[in-house]
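Fold and geometry: a report
Residues per chain are reported as follows:
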Amino acid sequence: MDQWVSWCLVVLPLLPALSAIVAPLAGAGRPAQAARISVTMTAVTCAVALAMLVAVLAAPESEVMLARLGPAALLLDHLAVAMAVLVAAISLVVHVYSVRYMADEPGYVRFFAKLDLMTAVILLMVIAADLVTLLVAWFLIGVLLFFLLGFDTSRKASGRYALWTFLTYRVGDLPLVGAALLLWHGYGTAQLPELFTRISADPSVQLGGVAVVPLAALLLALAAFARSAQFLLHTWLPYTMDGPTPVSALMHAGIVNAGGFLFNRFAPVFVHAPNVLHLAFVVGLVTALIGSALMLTQNDVKKSLGYSTMGQMGFMIMECGLGAFSLAVYHLIAHGLFKATLFLGSGNVISESRHEDGVPPDDIYSFVVERRPLREVKKVPWLLAALVTVLVPVLVLGLSHGVVAEDFFHKQGSVVLLFFGWVTGAQLFFSIHKLPSENAWGLLTMILLSFLIVVVGYTLIAHAFEAFLYPDPVLRDAIYAAAGINDLAFVILVLFFTALLVGAWLVTFYAQSLEIGGKPGTRWNAIYLNLYALFSREFYVSVIYTQLSRSLLAATKRVNIWLRWV
C-alpha cells in the first residue's frame, strides 16, 4: 500500500510536466491533438489525486507518507491531499474550458503547455516535504504566472501588468527565502516533518541573540501577504484580470490563495509566534474591508471579481490570525471552486450584457432602483422583525456550534468568527425585512429555513474538515491559544467592532433619509462625493506607487549622469 501511494505521489507532478513536453511534440501542426493530449493527462492527474485522497482516508490519522523525486522530498498528509485535489480539479476544468475559448489564439499549443507546467509546479509546492523544494516551486509559480498573464504579446497592458505581478511576487519571495535560511541554520534540517518535530521540542533556539521561530514566522507571514494580495501589496491582483480568462480562473488553484496554504503548512511554527498571528488578523481584516468596498465601485466585471478575490483573501488571512487555520483552508477550497467558476462565466456575462442588461422589472428591482413598490405590500411587525434580526442568527449559530463542539466558545478566535457570522446573518434579515412582499410571513419563513440549513450544513462540514486536517487535538488547541489576546482587550475589540458595524448599518439603510448623496451642496453630499472619489481611485495606492517608481527612475538617471555611466 505504501509503495503504491509513494508511486502516486511521485507521478502526481510528473504527469502534467510530461504533458507539457509530449503535447506540443505530438501535436506539431495539429493544435486540436495537442489540446486533447493535455486534457487527457490532466484528467489522469485528477484521478491520481482522488486515489491519493482515498488512500489518506483509509490510513491512520497521524500517518505521514514520504517519497523522493530525484533531489526533491515529497510529503503526503491531509493538507497536501486536500490541496492536490483542489488544484487538479480546477486545472481540469480550466483545460476543458480553454479548448474552445483559446481556439483562435495564435499560441494555442503553447498556452496548454504553460497550463500544464503551472499545474505541475503548484502540485509540487503543495506536496513539498523540504524547504528547498518548496522554495523552488514557490519561485517557479511566479515565473510561469508572468508568462501566462503576458500570453498575448500584442497587448502592452497585459505585459505591463504581468511584469507588475512578477515584481510583487519577487518581493514576496525574499521573506520566504529568509525564513527558510533561518529555520535551516537554527534547527539543522530542511526536511519539514523533522523541522517541525525539533521546533516542538525546543522553540526557543536563537541565532546571534535573535529568536529564530518568531522571526521566521514573521517572514513567512510577509511572504503569504504578498502572494495573497493583502493591502499595500494588492495592486497587482485587480490588473491581472487583463490576462486570459482561463488564467484568472487557474489563479484560484493555489496561486493567489497560496498564503492560506503557507500558514497551514507552517502551523507548528506559528504556534510559537502569537504576535505574528495578531498581525495577520489586523492585515486580513483591513484587506477584507477595503477589498469588499472597492469591489462595489468597479464598472468592469473581471476587475470587480479581482477586488472580490482580494476581500476573500483578506478573510482567509484573518481566519489564520484567529487561529482557525483549518477554516482558512476550507475557505480557500470553497472560494477557489466558486470564483474559478465565476471567472469562466464572466465572458458570457459580458457578451450577454451588451445586448440586454438582464435586470427583470419586478418588485425588488423597482424598490431598489426606483425606491417605490409597484403594488400594495405587507411587512412583518417591526418589533418581531427586530427580534428575529438580532436573536435568530445568535441562536442558530450558537446552538449549531455548541452541539458539534462543546469547547467551541472557550476559544477567542471562535467567538470572533461567530461575531462576524452574527453580523452577516443580522444584515441579511434586516435587508429582507425592508424588501416589499405580498406574503411577508411566507418570505420570512423561507429565509429562516434557508439560513438554518446553510448554517447547520456549514457547521457540520467545517468541524469535520477541522478534524480531518488537524487530527491532533493538542495542536488544534495550541493554535487557538496562540491567537488569543488579553481578555480586556478582547472585550474592547468586540464592542468597538459592534458599534462600528451597527453604525455602518444605520448609515447604509437610512442613507436616503439622511440625504447622503442627495441634494447638491449639502454636507452629506460632499462627504459622499469625497468617499466615492476615494474608492473609485482605489485609495490612490497605485497612483502613489507609480509616482514613486517615476521618482526612483529620475533619481537613477541623475546618478548615472553624475557618475558618467551614460
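Please read these numbers as outputs of a predicted model, since none were measured by experiment.

Moving on to the overall build of the protein chain. Regarding its fold elements, the protein chain presents 23 helices and 4 strands. When burial is assessed residue by residue, the protein chain has 49% of its 566 residues classed as buried. The contacts of the protein chain with a sequence gap of at least 6 include a subset with a gap of at least 24, amounting to 76%. For the protein chain, the exposed surface amounts to about 27100 Å²; the carbon and sulfur share of it is 69%.

Per-chain confidence: the protein chain averages 82 in pLDDT, with 82% of residues scoring 70 or above. Across the protein chain, the secondary-structure element scoring lowest on mean pLDDT is helix 16 (residues 363-370), at 51, and the one scoring highest is helix 8 (residues 212-227), at 96.

Another point: the UniProt feature "domain: NADH-Ubiquinone oxidoreductase (complex I) chain 5 N-terminal" (unreviewed entry) in the protein chain. The UniProt feature table records "domain: NADH-Ubiquinone oxidoreductase (complex I) chain 5 N-terminal" (unreviewed entry) at residues 73-112. Secondary structure over residues 73-112 splits into 72% helix and 10% strand, and the C-alpha atoms at its two ends are 27 Å apart.

We now examine the pairing of strand 2 (residues 72-76). Of all 5 residues in strand 2, 5 are buried, a share of seventy percent or more. Burial along strand 2 is two-sided: the face carrying Ala 72, Leu 74 and Leu 76 and the face carrying Ala 73 and Leu 75 are both buried. Here strand 1 (residues 65-69) runs beside strand 2; their pairing, made up of 5 bridges, is antiparallel. By the bridge assignment for strand 2, Leu 69 is matched with Ala 72. Adjacent in sequence and paired antiparallel, strand 1 and strand 2 are bridged by 2 residues, among which Gly 70 carries a positive phi angle near 65°.

Moving on, we get to helix 6 (residues 156-187). Relative to the 46 Å expected for 32 residues at 1.5 Å per residue, helix 6 spans 47 Å between its end C-alpha atoms, a close match to the ideal helical length. Among the residues trailing helix 6, Gly 188 stands out with phi positive, at a value near 70°.

Further remarks concern the nonpolar core. Among the nonpolar cores identified, the biggest contains 132 residues, and Met 118, Met 125, Leu 262, Phe 263, Phe 266, Phe 270 and Phe 325 are the most heavily contacted of them. Ignoring any residue separated from it by four or fewer positions in sequence, one finds Phe 263 in contact with Ala 221, Ala 224, Phe 225, Phe 270, Leu 277, Ala 280, Ile 317, Cys 320 and Phe 325. Counting residues in hydrophobic clusters, the runner-up holds 22 residues, among them Met 318, Leu 327, Leu 397 and Leu 417.

Moving on to the layout of surface pockets. Volume-wise, the second largest pocket comes out at about 700 Å³. Elements with a minimum of two residues in the lining of the second largest pocket: helix 3 (78-101), helix 7 (192-201), helix 11 (258-265) and helix 20 (473-482). Element by element, the count of residues in the lining of the second largest pocket is highest for helix 7, at 5 residues. Looking at the lining of the second largest pocket residue by residue, the class counts come to 13 nonpolar, 6 polar and 5 charged.

A word on helix 5 (residues 131-149). The end-to-end C-alpha separation of helix 5 is 27 Å, in line with the 27 Å expected for 19 residues at 1.5 Å each. Restricting attention to buried positions, one finds in helix 5 the residues Leu 131, Thr 133, Leu 134, Ala 137, Trp 138, Ile 141, Gly 142, Val 143, Leu 144, Leu 145, Leu 148 and Leu 149. The distance from a side-chain oxygen at the start of helix 5 to the backbone nitrogen of Val 132 is 3.1 Å, and the residue carrying that oxygen is Asp 130.

Side chains of Leu 232, Tyr 540, Val 543, Ile 544, Tyr 545 and Leu 548 sit close together on the surface and give an oily, nonpolar patch of about 520 Å² of accessible area. Along the chain, the position of Tyr 545 falls in helix 23 (residues 541-562). Looking at Tyr 545, the relative accessible area reads 30%, which means it is partly exposed.

Turning our eyes to something else, we now look at the packing of helix 13 (residues 274-295) against helix 14 (residues 301-321). Two numbers describe a pair of packed helices, the interaxial angle and the distance between the axes. In contact at an axis separation of 7 Å, helix 13 and helix 14 are set at 160° when each is read in the N-to-C sense. In terms of their interaxial angle, helix 13 and helix 14 are classed as roughly antiparallel. Along this stretch, helix 13 crosses helix 14, giving a crossing that reads as left-handed. Of the residues in helix 14, those in contact with Leu 277, Ala 280, Phe 281, Gly 284, Leu 285, Thr 287, Ala 288, Ile 290, Gly 291, Ser 292, Leu 294 and Met 295 of helix 13 are Ser 304, Tyr 307, Ser 308, Met 310, Gly 311, Gly 314, Phe 315, Ile 317, Met 318, Cys 320 and Gly 321. Classifying every residue of the contact of helix 13 with helix 14 by side-chain character gives 14 nonpolar, 9 polar and no charged.

Let us now look at the packing of helix 3 against helix 4 (residues 108-126). Taken N-terminus to C-terminus, the directions of helix 3 and helix 4 make an angle of 175°; their axes are 9 Å apart at the nearest point. Classed by the angle they form, the pair helix 3 and helix 4 counts as roughly antiparallel. Across from Ala 80, Met 83, Ala 84, Val 87, Ser 91, Val 94, His 95, Ser 98 and Val 99 in helix 3, the residues of helix 4 making contact are Tyr 108, Phe 111, Phe 112, Leu 115, Asp 116, Thr 119, Ile 122, Leu 123 and Val 126. In terms of residue class, the contact of helix 3 with helix 4 is made up of 13 nonpolar, 4 polar and 1 charged.

Next up on the list: the pattern of salt bridges. By the definition in use, this model includes 4 salt bridges. The closest approach of N and O atoms between Arg 265 and Asp 77, which form a salt bridge, is 2.8 Å. Separated by 188 residues along the polypeptide, Arg 265 in helix 11 and Asp 77 in the loop between strand 2 and helix 3 bring together distant segments of the chain. Salt-bridge contacts for Arg 198 lead to Glu 194; the nearest nitrogen and oxygen are separated by 2.8 Å. Residue Arg 198 and its partner Glu 194 are both found in helix 7; the two are separated by 4 residues, about one turn of the helix.

So, about the side chain of Arg 476. Tracing the chain through its elements places Arg 476 in helix 20. Buried charge without a partner: Arg 476 forms no salt bridge, and the closest opposite charge is Glu 466, 4.6 Å away. In contact with Arg 476, other than residues within four places in its own chain, are Glu 466, Ala 467, Tyr 470 and Pro 471.

To continue, consider the packing of aromatic side chains. Applying the stated criterion across every chain, the model contains 15 aromatic pairs. Geometrically, the ring pair formed by Tyr 97 and Tyr 101 is stacked, given 5.2 Å between the ring centres and 25° between the ring planes. Residue Tyr 97 and its partner Tyr 101 are both found in helix 3; the two are separated by 4 residues, about one turn of the helix. Residue classification places Tyr 101 among the partly exposed residues on the basis of a relative accessible area of 39%. Relative to Phe 325, the ring of Phe 263 has its centre 6.2 Å away and its plane inclined at 90°; by these criteria the two rings are edge-to-face. Of this pair, Phe 263 sits in helix 11 while Phe 325 sits in helix 15 (residues 325-353), and the two are 62 residues apart along the sequence. The pair Phe 263 / Phe 325 is uniform in exposure class, with both members buried. Following the ring pairs from residue to residue traces out a cluster consisting of Tyr 108, Phe 111, Phe 112 and Phe 151. Note that Arg 160 overlies the ring of Tyr 161, its terminal NZ or CZ placed 5.0 Å from the centroid. The aromatic ring of Trp 138 is capped on one face by Arg 227, whose charged end is 4.1 Å from the ring centroid.

We now examine the environment of Leu 493. Relative to the helices and strands, Leu 493 resides in helix 21 (residues 487-509). A residue is classified by how much of its surface remains accessible, and Leu 493, at 25% relative accessible area, is partly exposed. Residue contacts for Leu 493: discarding those within four places in its chain leaves Phe 281 and Ile 485.

Reading the values: rules and limits
Residues numbered from 1 in each chain as written. Predicted model: local features only at pLDDT ≥ 70, side-chain atom pairs only at ≥ 80, totals over all residues. Heavy atoms only, no water. Helix = DSSP H or I, 4+ residues; strand = E, 2+ residues; numbered from the N terminus. Buried < 20%, exposed > 50% of the residue type's maximum accessible area, 1.4 Å probe, protein only. Contact = heavy atoms within 4.5 Å. Areas by Shrake-Rupley, 256 points an atom, 1.4 Å probe, with all protein chains shown as cover. pLDDT = per-residue confidence, 0-100. UniProt positions renumbered as here; feature names shortened; annotations may be inferred. Pairing = 2+ DSSP bridges. Expected span 1.5 Å × (residues − 1). Core = buried A, V, L, I, M, F, W, Y, C linked by side-chain atoms within 4.5 Å. 1 Å grid on protein atoms, 1.4 Å probe; cavity = no way out; pocket = protein on both sides within 12 Å on 5 of 7 lines; lining within 4 Å. Points joined across faces, edges and corners; volume = space filled by probe spheres on them. Nonpolar A, V, L, I, M, F, W, Y, C, P; charged D, E, K, R; others polar. Polar contact = N/O pair within 3.5 Å; in protein donor to acceptor, adjacent residues only side chain to side chain. Patch = residues over 30% accessible without salt bridge, like charges linked within 9 Å, V, L, I, M, F, W, Y side chains within 5 Å. Salt bridge = Lys/Arg side-chain N within 4 Å of Asp/Glu carboxyl O. Axes fitted to C-alpha atoms, helices over the stretch in contact; angles between N-to-C directions. Parallel < 35°, antiparallel > 145°, perpendicular 65-115°, else oblique. Left-handed = near helix turned anticlockwise from the far one by under 90°. Lys, Arg positive; Asp, Glu negative; His and termini not counted. Phe/Tyr/Trp six-rings, centres within 6.5 Å; stacked < 30°, edge-to-face > 60°. Lys NZ or Arg CZ within 6 Å of the ring centre and 35° of its normal.

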